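Spelled out, the chains give:
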Amino acid sequence: MDILQKCRPWTAEHLLVTGRDCYFRAVGDTFDGTEADFQGRRVIVAASHDYLGLSAEPRVREAAVAAVRRFGTSLGGSRAVSGSLELHEELERGLAAFLGHEAAVVLPSGYQANLMLTPLLGDGDMVFSDFSNHVSLEDAVRLGRAKERKFLHGDLGHLEELLVVADGSGTENTGGKLILTDGVFSVDGDVCDLPGLMKLADAHGARVVVDSSHDLGVLGPTGAGAGEHFGLRPDLVTGALSKSLASVGGVIAGPADVIRYLRFHARAALFTAAASPANVAAALASLRILRAEPERRVRVLDLAERLHNGLRALGFDTGASVTPVVPVLVSGRERCLRVWRRLFDAGVFAAPMVHPVVRAGREVLRVTLTAAHTDDQLERVLAAFEHVGRVEGVIPGSAPAAHTPVRIARPRGPLATAR
Ligand SMILES: Cc1ncc(COP(=O)(O)O)c(C=O)c1O
């Protein structure tokens, strides 16, 4: 049989009929961070993770342009050989300090930042992963040789059971233990129970890695993410630069000796080209703004709270999220994709999450607004959801008498500015 045969049924008609034509839609040239033209239709973009609205910020754009003028468009090689700039090192020092760690490595993507963990996962080691972790954490484990045990999403009781079994004599755990979790989960928008995870880690001699892609810039008094939110420092932190830092790239931060080891052992860093000068410069500029302008964090959290509660007041279910990742439950694959299309026609671009990203029956439209969205855009998103939700029967014909409001994950203390 021809190995390419499996691709043949995926015709343009098949994509249309199965609703998959909603993916890979190209944006026209008028993208300003909050609205875009998609094939001639002007829509509010409610699907971007540019949480602080920095990708359209002139200081960030100018930094990227200046880096291209100075260093060119590509470094033409791996960081290990010809691709290291002092600019990379400056960003690494900045991110390490920001995340409260000794050292960091910057990678071309957040996906690769998680693959950096693979050299830690040798024979005899064991990994304990939350079921809802990002796929790049899963892939880091797949590429390693450690045995993996998955615990039910956020279920510390289950994790403890698995750790106790691993501690028993005669198990496969002859090496170390690593607990992997997202800080803010990328589909459900809930925050990991970091204090609980670190307590269990302490009790069982495990280390903890937090993927802070969605909490960096959003949670904590200075925006340093889930660790800072809880006043804790996980052993290693990974993150994507494509969200609050308005760039493309990734970072892993931790103790200096661990980071040095990973630099020399992780294939995800050694055998790939260096992050481009423009991306590094954009992330550096964003990091400076993020630290100096906490009002952006206030804005994105305020908008998120109003979005959650506006949707809930209409009768929508936004699950356990307490963050700007707002998952609107629209169960049923066909219905979820239909609602997506009606919203698009009504001028709102959300992100449809269907199986295999979520369990069948738990389909969601993920809605994210950034600090750059206006109050008017928020109201228009809510009006579109109200209209489409009623037409599709996702919400009742009239608003429910009461709803449980969401209290967004704001910092416990005052917001801090770090210059
Ligand atoms: C939690 C999480 N980790 C890692 C990544 C990967 O980041 P990148 O898109 O930069 O490869 C993402 C992005 O989708 C993410 O949501």
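Residues numbered from 1 in each chain as written. Predicted model: local features only at pLDDT ≥ 70, side-chain atom pairs only at ≥ 80, totals over all residues. Heavy atoms only, no water.

Caption draft 1: Just the site of the ligand, in detail. Taken together, 15 residues lie around the ligand, and Gly110, Tyr111, Asp211, His214 and Lys243 are the ones closest in. A distance of 2.8 Å is found between an oxygen atom of the ligand and a backbone nitrogen or oxygen belonging to Gly110. Interatomic distance of 2.9 Å between a backbone N/O atom of Tyr111 and an oxygen atom of the ligand. Per element, the largest residue contribution to the shell around the ligand is three residues, and it comes from helix H4 (residues 110–115). (Near = heavy atom within 4 Å. Polar contact = N/O pair within 3.5 Å; in protein donor to acceptor, adjacent residues only side chain to side chain. Helix = DSSP H or I, 4+ residues; strand = E, 2+ residues; numbered from the N terminus.)

Caption draft 2: Just the domain arrangement of the protein, in detail. What the domain assignment reports for the protein is domain 1 (14–45 + 294–391) and domain 2 (58–292). For domain 1 and domain 2, the distance between their C-alpha centroids amounts to 27 Å. Contacts between domain 1 and domain 2 engage 17 residues on the former and 21 residues on the latter. Interface area lost by domain 1 to domain 2 is led by Arg297, Thr323 and Val325, which between them contribute 41%. Counting across the domain 1 and domain 2 interface gives zero salt bridges. For the pair domain 1 and domain 2, the number of links is five residue pairs in polar contact (both at pLDDT 80 or more). For the side of domain 1 that touches domain 2, the leading source of residues is helix H12 (residues 295–314), giving three residues. Its residues placed into classes, the side of domain 1 that touches domain 2 shows 12 nonpolar, two polar and three charged. (Domains from an automatic or database assignment. Contact = heavy atoms within 4.5 Å. Buried area = accessible area lost by both parts, 1.4 Å probe. Salt bridge = Lys/Arg side-chain N within 4 Å of Asp/Glu carboxyl O. Nonpolar A, V, L, I, M, F, W, Y, C, P; charged D, E, K, R; others polar.)

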